[in-house]
Amino acid sequence: MPETSVAHFYDELADDYHLIYADWDASIRRQGNALDRLIGRDNAAVLDCACGIGTQAIGLALRGHRVTGTDLSARAAARAAREAAHRNVPLRTAAADMRRLPFRHARFDTVVCADNSLPHLLTEQDVHAALVEMRRVLRPTGLLLLSTRPYDDLLRNRPTSTPPQVHQPADGGERTVTFQLWHWHEDGEHYDVEHFQLLPTGGEWRVKVRRTVYWALGHDRLAGLVADAGFADAEWRMPHETGFFQPLLVAHAGE
C-alpha cells in the first residue's frame, strides 16, 4: 500500500476525526493523564510521532510537557496545532514520516506512537525503520510509549467489524455514528478497513467511507521488533493497569 494512501486517509478524516469519540475533550484529558503517569517526570521533551489531530499530544501538553507532534497527514498535524492553540497550550507540529524523523539525535526524553499508528506500516522492514528512528531521536535511557489494538485477541477471532461509536455534541446537537468493516487478507495478518461515518443532515444520513490497511502485529512479535531496533526492557502494559484505552508497549532506549 503506497504511503500516500495512508496520508490521504487521514487528510480526509482530519476534519471529522473528533467524531469517533463520545467526548473528545474528555479523551484528551484521560489519555494525557495516563501517559503522563508513565512518563513519571515533569516537563519532559516529548515527540508524538503520529499525533493525528492531537489527542495524546494536547493531553500531554496540558500536563506541562514540552510536546512536538508529527504526522504523515499534513492536514491532521495542522489541525492539532490549531486545537492546541484554542486550548492555550504550546504544541509544535509538522508533517513527517515516522521512518524519517526530521530531528537530531537524542532530542527527546519520550517518544509516543499511539492509537494503532505503527501497524499502518505493512512490512518488518518499514516497522524496523520507524523504530530505529524513534530510538535515534531519544536520549539515552529515554522512554518509548507505543500503543496498538489488542492484536493477540483479534488474531484469534479475526472480527469483521467494530461496534458503532456514537458522538453526542455537548450542545445537544445531532449524533454522529462511526464504525468499521474489516476484510482480512489471506495471510491472516493484514486487513483492509472501511471506515464509515454517518453524519446527520436535515433528517437524513450522509455517509462518508474512507479506506486504509493495517498489519495486525501480535504482542510478542512487536516486542521482538522493538528489541531488534535497540530498545531494552520492553513490556506490555494493559488498560486496566495504565488507564489508557489500548495496550501499551513501554520500552527504554538502550545505552
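Up top you'll find the structure we're talking about.
A. Highlighting the nonpolar core. Leu 145 and Tyr 191 are the most contacted members of the largest nonpolar core, which totals 44 residues. Take this core: its biggest share by element is six residues, from helix α2 (residues 24-39). Not counting the four nearest positions on each side in its chain, Tyr 191 is found in contact with Asn 116, Arg 149, Tyr 151, Trp 182, His 183, Trp 184, His 185, Thr 212, Val 213, Tyr 214 and Ala 216. In this structure, Leu 47, Cys 49, Phe 103 and Trp 215 belong to the second largest nonpolar core, which totals 34 residues.

B. Spatial organisation of unusual backbone geometry. Positive phi outside glycine occurs at Asn 43, with the angle close to 55°. Inspection of the secondary structure assignment puts Asn 43 in the loop between α2 and β1 (45-48). Positive phi outside glycine occurs at Arg 158, with the angle close to 40°. Within the element layout of this structure, Arg 158 appears in the loop between α6 (151-157) and β6 (165-167).

C. Just the layout of surface pockets, in detail. Size it by volume and the second largest pocket reaches roughly 190 Å³. Along its surface, the second largest pocket is lined by 13 residues, and His 18, Asp 23, Trp 24, Asp 25 and His 167 are the ones closest to its centre. The element best represented in the lining of the second largest pocket is helix α4 (residues 74-86), accounting for three residues. Split into classes, the residues belonging to the lining of the second largest pocket amount to four nonpolar, four polar and five charged.

D. Examining the packing of α2 against helix α3 (residues 55-62) more closely. Axis separation between α2 and α3 bottoms out at 7 Å; the angle between their running directions is 65°. Comparing the axis directions of α2 and α3 gives the class roughly perpendicular. Here α2 and α3 pass one another in a crossing that is right-handed. Listed contacts from α3 to Trp 24, Ser 27, Ile 28, Gln 31, Gly 32, Leu 35, Asp 36 and Ile 39 of α2 are Thr 55, Gln 56, Ile 58, Gly 59, Leu 60 and Leu 62. Taken together, the residues that form the contact of α2 with α3 break down as seven nonpolar, six polar and one charged.

E. Broad picture of the side chain of Asp 97. Take Asp 97: it is sitting in the loop between β3 (92-95) and β4 (108-113). On the basis of relative accessible area, Asp 97 is assigned to the buried category, the value being 10%. One polar contact links Asp 97 to Arg 99, side chain to side chain, over a distance of 2.7 Å.

F. Region of the structure containing the packing of aromatic side chains. This structure, assessed with the given rule, holds 11 aromatic pairs. Note on Tyr 17 and Tyr 21: the rings are 6.3 Å apart at their centroids and 45° apart in plane angle, and the pair reads as tilted. The burial state of Tyr 17 is the same as that of Tyr 21; both residues are buried. Plain terms: the ring middles of Phe 103 and Phe 108 are 5.2 Å apart, the flat faces sit at 90° to each other, and that makes the pair edge-to-face. In this structure, Phe 103 and Phe 108 share a single accessibility class: buried. Grouped by ring-pair contacts, the aromatic residues Tyr 151, Trp 182, Trp 184, Tyr 191 and Tyr 214 constitute a single cluster. Sitting above the plane of the Phe 108 ring, Arg 107 keeps its charged end 4.7 Å from the centroid.

G. Region of the structure containing the pairing of strand β8 (residues 190-201). Summarising burial for β8: nine of the 12 residues are buried, a large majority. Across eight bridges, strand β7 (residues 176-184) lies against β8 in antiparallel orientation. Its bridge partner lying in β8, Trp 184 is registered against Tyr 191. Linkage of β7 to β8, two consecutive antiparallel strands, is achieved through a turn of five residues, within which Gly 188 is found at a positive phi near 75°. Bridging between β8 and strand β9 (residues 204-215) involves 12 bridges; their strand directions are antiparallel. Along β9, the bridge assignment pairs Glu 194 with Arg 211. Between β8 and β9, which pair antiparallel and follow one another directly, the connecting turn spans two residues, one of which, Gly 202, has a positive phi of 60°.

H. Spatial organisation of the sheet that holds β9. As summarised here, the arrangement of the four strands in space is β6-β7-β8-β9, forming an open sheet in which the pairing is antiparallel. Single-partner strands in this sheet number two, and they are β6 and β9. Taken over all neighbouring pairs, the strand axes of this sheet differ in orientation by 20° on average, direction set aside.

I. Layout of the pattern of salt bridges. In the structure shown here, the tally under the stated rule is 18 salt bridges. Where Glu 194 meets Arg 211, a salt bridge forms, and the shortest distance between an N and an O atom there is 3.1 Å. On the criterion of sequence distance, the pair formed by Glu 194 in strand β8 and Arg 211 in strand β9 is long-range, its members being 17 residues apart. According to the relative accessible area criterion, Glu 194 is buried, its value standing at 17%. A relative accessible area of 53% means that Arg 211 is categorised as exposed.

Parameters at a glance
- Residues numbered from 1 in each chain as written.
- Predicted model: local features only at pLDDT ≥ 70, side-chain atom pairs only at ≥ 80, totals over all residues.
- Heavy atoms only, no water.
- Core = buried A, V, L, I, M, F, W, Y, C linked by side-chain atoms within 4.5 Å.
- Buried < 20%, exposed > 50% of the residue type's maximum accessible area, 1.4 Å probe, protein only.
- Helix = DSSP H or I, 4+ residues; strand = E, 2+ residues; numbered from the N terminus.
- Contact = heavy atoms within 4.5 Å.
- 1 Å grid on protein atoms, 1.4 Å probe; cavity = no way out; pocket = protein on both sides within 12 Å on 5 of 7 lines; lining within 4 Å.
- Points joined across faces, edges and corners; volume = space filled by probe spheres on them.
- Nonpolar A, V, L, I, M, F, W, Y, C, P; charged D, E, K, R; others polar.
- Axes fitted to C-alpha atoms, helices over the stretch in contact; angles between N-to-C directions.
- Parallel < 35°, antiparallel > 145°, perpendicular 65-115°, else oblique.
- Left-handed = near helix turned anticlockwise from the far one by under 90°.
- Polar contact = N/O pair within 3.5 Å; in protein donor to acceptor, adjacent residues only side chain to side chain.
- Phe/Tyr/Trp six-rings, centres within 6.5 Å; stacked < 30°, edge-to-face > 60°.
- Lys NZ or Arg CZ within 6 Å of the ring centre and 35° of its normal.
- Pairing = 2+ DSSP bridges.
- Salt bridge = Lys/Arg side-chain N within 4 Å of Asp/Glu carboxyl O.

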